[in-house]
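Geometric and topological summary
Here is how the chains run, residue by residue.
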Amino acid sequence: MKKIALNSWERKEHFEFYQDFADPNFNITTNLNTHSLYFRASQADLSFTYCYLYCLARAIEHCDFMRYRIVDSCPVEAEQVTISGTFLRSDNTFRFITLSDSQNIHDFIQQSEENKKVGLEQPLMGEMFLSNCTSVEQVYVSILPWFQFSSFKHARHVGDNLGIPKIIFGKLNDDKNSLPVSIEVHHGLVDGYHISLFLDEFHRQIIALCRYLEEEKNFHRQ
């Protein structure tokens, strides 16, 4: 965790302005161009969901502002974050699952799947959740694969002011290769401009993974 020098930070005034807001977060909803990722993932027999979550993790890694948090009312930068995602059990209730932080797509999927198997067997407030629930070194992610959406509102605790982004994905539009995504962030830490940069980086990571999977497939053909 790296402390941000508030007095020399270009966002000092913005950060202080939004600190006393009852709800300092803002939310945007858009459609993410997934390029050929669904096709490439299917060819490689990989989970499309894990593939775009891997790209999400890489994009967050490249965008320092998506790792800004608030600790003891001060801005900090988390140097590494993991994804805390919701996944369904067989009884259609969800559990919070901490995903892998591996840089390799295959290891990411394997380790995340292992975490998922363990986490789904635990109570909602089980060990996996309790060991991470107070950490700001995470991003909250939920997936709603049953429908597309154009807006989203989160449940929240009173005084939830840690600046942890909340990201929601919807159902893939097969015809357009687009994925609904809702992103909620703390306005004292980032603006709409930063979200546009993040979405651009997310898309670059998707294209990079598509190319990697294509090259990997061609290599195995040789």
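Treat the numbers as computed from the prediction; the structure is a model and nothing was measured. (Residues numbered from 1 in each chain as written. Predicted model: local features only at pLDDT ≥ 70, side-chain atom pairs only at ≥ 80, totals over all residues. Heavy atoms only, no water.)

**Some remarks on the sheet that holds strand S7 (residues 138–143)**
The strands making up a sheet associate through backbone hydrogen bonding, with each pair oriented either parallel or antiparallel. Short version of the rule: Whether two strands pair comes down to DSSP finding at least two bridges between them. Strands here mean DSSP runs of E at least two residues long; helices mean DSSP runs of H or I at least four residues long; both are numbered from the N terminus. As a rule, the C-alpha atoms of each element are fitted with a line to give its axis, helices using only the stretch in contact, and angles between N-to-C directions run from 0 to 180 degrees. Whether two residues are in contact is decided by their heavy atoms, any of which lying within 4.5 Å being enough.
Ordered by their spatial adjacency, 6 strands build an open sheet running S2-S9-S8-S7-S5-S6, and the pairing between neighbours is mixed. At either margin of the open sheet sits one strand with a lone partner, and together these are strand S2 (25–33) and strand S6 (94–98). Between one strand axis and the next, the sheet turns through 20° on average, direction left out of account. As paired strands, S2 and strand S9 (residues 178–186) are joined by 9 bridges and run antiparallel to one another. Residue pairing across strands places leucine 32 opposite leucine 179, the latter belonging to S9. Strand contacts of helix H3 (residues 48–62): strand S5 (82–88), S7, strand S8 (166–169) and S9, with the helix running at about 150° to S7, the strand carrying the most contacts.

**A closer look at the pairing of strand S4 (residues 74–77)**
Pairing of strand S1 (residues 2–3) with S4, which is carried by 2 bridges, proceeds in the antiparallel orientation. Paired with lysine 3 across the two strands is valine 76, which belongs to S4. For strand S3 (residues 68–71) and S4, the ladder comprises 4 bridges, and the chain directions are antiparallel. Bridged to valine 71 within S4 is cysteine 74. In textbook terms, the turn of a hairpin is the stretch between consecutive antiparallel strands, and for S3 and S4 this stretch comprises 2 residues, one of which, aspartate 72, has a positive phi near 55°.

**Some details on H3**
Let me state the cut-off plainly: Here the expected span of a helix is defined as 1.5 Å times the quantity of residues minus one. Buried residues are those whose accessible area, probed at 1.4 Å on protein chains only, stays under 20% of the maximum for their type, while exposed residues exceed 50% and partly exposed ones sit between those limits. Counting of polar contacts relies on pairs of N or O atoms within 3.5 Å, with two restrictions inside protein: one atom must be capable of donating a hydrogen and the other of accepting it, and residues adjacent in sequence are counted only when both atoms are side-chain atoms.
An ideal rise of 1.5 Å per residue puts 21 Å on 15 residues; H3 measures up with 21 Å between its terminal C-alpha atoms. Within the span of H3, buried status applies to Phe48, Tyr50, Cys51, Tyr52, Leu53, Tyr54, Cys55, Leu56, Ala57, Arg58, Ala59 and Ile60. Where H3 begins, the side chain of serine 47 points an oxygen toward the backbone nitrogen of threonine 49, at a separation of 3.3 Å.

**A closer look at a nonpolar patch on the surface**
Applicable threshold: Without a salt bridge and with relative accessible area above 30%, a residue can belong to a patch; like charges are then joined within 9 Å and nonpolar side chains (Val, Leu, Ile, Met, Phe, Trp, Tyr) within 5 Å. Each accessible area is a Shrake-Rupley result for a 1.4 Å probe, and residues are judged covered by the shown protein chains and nothing else. Salt bridge criterion: a side-chain nitrogen from Lys or Arg within 4 Å of a carboxyl oxygen from Asp or Glu.
On the surface, Leu88, Phe94, Leu124, Met125, Leu130, Trp146 and Phe147 cluster together to form a nonpolar patch covering roughly 680 Å² of accessible area. Inspection of the secondary structure puts leucine 124 in the loop between helix H4 (105–120) and helix H5 (127–130).

**Quick word on the nonpolar core**
As a reminder, the rule being used: Residue types Ala, Val, Leu, Ile, Met, Phe, Trp, Tyr and Cys, when buried and joined through side-chain atoms within 4.5 Å, form a set referred to as a nonpolar core.
The biggest cluster of nonpolar side chains holds 55 residues, and the ones touching the most others in it are Leu53, Leu56, Met66, Ile167, Phe169 and Phe198. In terms of residue count, the dominant contributor to this core is H3 (11 residues). Sequence-distant contacts of leucine 53, defined by excluding residues within four places in its chain, comprise Ile83, Phe87, Leu99, Phe108, Val141, Ile143 and Phe169.

**Here we look at the sheet that holds S1**
One open sheet accounts for 3 strands, arranged S1-S4-S3; its pairing is antiparallel. Strand pairing shows two members of the sheet lacking a second neighbour, S1 and S3, which therefore form its edges.

**Quick notes on the environment of glutamine 80**
Mapping glutamine 80 onto the fold places it in the loop between S4 and S5. By relative accessible area, glutamine 80 is classed as partly exposed at 48%. Measuring from C-alpha to C-alpha, the distance between glutamine 80 and isoleucine 60 comes to 8.9 Å, with 20 residues separating the pair along the chain. Setting aside chain neighbours within four positions, we find glutamine 80 in contact with Asp101 and Glu137. A polar side-chain atom of glutamine 80 sits 2.9 Å from a polar atom in the side chain of aspartate 101.

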